[in-house]
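Coordinate inspection notes
Okay, here's what each chain looks like letter by letter:
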Amino acid sequence: MLEFIKRGIIPIGAYCAPQCPRGELKNRVTPEQYRIAKDCGVDIMYGHSEVVGTPTEEYVFEALRCCEEVGIKYYVKDVIALEYLALEDSEKYKSYKELTAEEKADLNARFEKSLKRYRDYAAFGGITFSDEPGYDSLDGIAEAKRVFEKVCPGKTFYVNMYPYYITPEQYQYGYFCNSAKLKADIEEFKVKEGVRNITRYEYLYDGFVKKVSPEFFSYDAYPFVILGSADTGVHEILWELPQFLHKKEENNGIPFAAFLQVGGKWEGMSNVRIPTEGEVNLGVSVPLLYGAKCLQIGRASCR
């Protein structure tokens, strides 16, 4: 993303990458699938089902080769990221904040070793480190970013943040909030009468900027929704969040990247409807109006 932004180009990112074989799903990690994405204008593909450090990692390297062939940059997904994000002890990982200095040094060394396995591929543009983390994972993210920048200078350390219509637990713990043990205790994230969502979001944004020092701020939001009996609802986040990020960029120089809603009715998100062509165009125009430096296709998949 950075290599495009620095050249004054607004790149198009796509989530998620063509599916590697899983269950009844066939392998789509092929040059043909990536060529379709390229022909649709995609510049960056975010790795998803294919993950380094898991049984699917061979498809990461195949995706890198496919992307080189068609001229797309590819962001690798690496399972080691989960160790930096961990908030509780589990069978696989220890909570990052509970790691000793020696354990953190070992984690950093293993991350460096993993990065060196794929950093020299021509299509390698960066790493898809985390999607929708919470406030309590920011220290681990910051440390991973420091390691990444040492090993992969000039490449993109990609983190995508939540929209603002989320629970206090999501604000604080990200997707780890599903654990029954985790209850939000940060006062700024709690829902209070008279406090707007954007105010809660500002605390998360400011913490992310202070702790992680990002080169850009990426978020997803899906504004075309069904609200009760209204089946053509448009959530105010469509314009309120890019307006907020535009004002932040004016003060700190951090550009923002916005996801575009091009689909709906996803599993677990039945209230998110499929937008019309005109609404898709609106979803493109509003972030650009407020100065978005990257547009990202949300929930696009070649299956």
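Okay, so let's go over this structure.

Cut-offs used in this document
- Residues numbered from 1 in each chain as written.
- Predicted model: local features only at pLDDT ≥ 70, side-chain atom pairs only at ≥ 80, totals over all residues.
- Heavy atoms only, no water.
- Helix = DSSP H or I, 4+ residues; strand = E, 2+ residues; numbered from the N terminus.
- Buried < 20%, exposed > 50% of the residue type's maximum accessible area, 1.4 Å probe, protein only.
- Polar contact = N/O pair within 3.5 Å; in protein donor to acceptor, adjacent residues only side chain to side chain.
- Core = buried A, V, L, I, M, F, W, Y, C linked by side-chain atoms within 4.5 Å.
- Pairing = 2+ DSSP bridges.
- Contact = heavy atoms within 4.5 Å.
- 1 Å grid on protein atoms, 1.4 Å probe; cavity = no way out; pocket = protein on both sides within 12 Å on 5 of 7 lines; lining within 4 Å.
- Points joined across faces, edges and corners; volume = space filled by probe spheres on them.
- Nonpolar A, V, L, I, M, F, W, Y, C, P; charged D, E, K, R; others polar.

1. Section: the side chain of Gln296
Following the sequence through the fold, Gln296 ends up in strand 10 (residues 294-298). What makes Gln296 buried here is its relative accessible area of 0%. Engagement of the side chain of Gln296 in a polar contact is seen with the side chain of Tyr46, the distance being 2.7 Å.

2. Examining the nonpolar core
Ranked by internal contacts, the top residues of the largest apolar core, which has 76 residues, are Tyr34, Phe111, Phe129 and Tyr201. Top contributing element to this core by residue count: helix 3 (residues 57-70), with eight residues. Grouped together as the second largest cluster of nonpolar side chains are 11 residues, Met1, Leu2, Ile44 and Ala257 included.

3. Some points on the pairing of strand 7 (residues 224-227)
Where strand 7 lies against strand 8 (residues 230-234), three bridges are found, and the strand directions are antiparallel. For Phe224, the partnering residue across the bridge sits in strand 8 and is Val234. Counted between consecutive antiparallel strands, the loop separating strand 7 from strand 8 contains two residues, among which Gly228 sits at a positive phi close to 60 degrees.

4. Points about the environment of His235
With respect to the secondary-structure elements, His235 resides in the loop between strand 8 and helix 9 (237-252). When the C-alpha atoms of His235 and Lys6 are compared, they prove to be 32 Å apart, with 229 residues separating the residues in sequence. When near neighbours in sequence (up to four residues on either side) are disregarded, His235 contacts Tyr164, Tyr165 and Pro223. Among the polar contacts made by the side chain of His235, one reaches the main-chain amide nitrogen of Ile237 at a distance of 3.0 Å.

5. Some details on empty space enclosed by the protein
One pass over the structure, following the stated rule, counts two cavities of 30 Å³ or more. Considered as a void within the structure, the largest cavity measures approximately 110 Å³ in volume. Along the walls of the largest cavity sit 13 residues, with Ala221, Pro223, Leu238, Phe259 and Gly283 positioned nearest its centre. Ranked by residues supplied to the lining of the largest cavity, first place goes to strand 9 (residues 256-261) with four residues. Here the lining of the largest cavity is built from residues that sort into 11 nonpolar, two polar and no charged. Estimates place the volume of the second largest cavity at around 60 Å³. Along its surface, the second largest cavity is lined by Lys145, Phe157, Val159, Phe208, Val212, Pro214, Glu215 and Phe216. Listed by contribution, the elements that provide at least two residues to the lining of the second largest cavity are strand 5 (156-161) and helix 8 (197-212). For the lining of the second largest cavity, the per-class residue count stands at six nonpolar, no polar and two charged.

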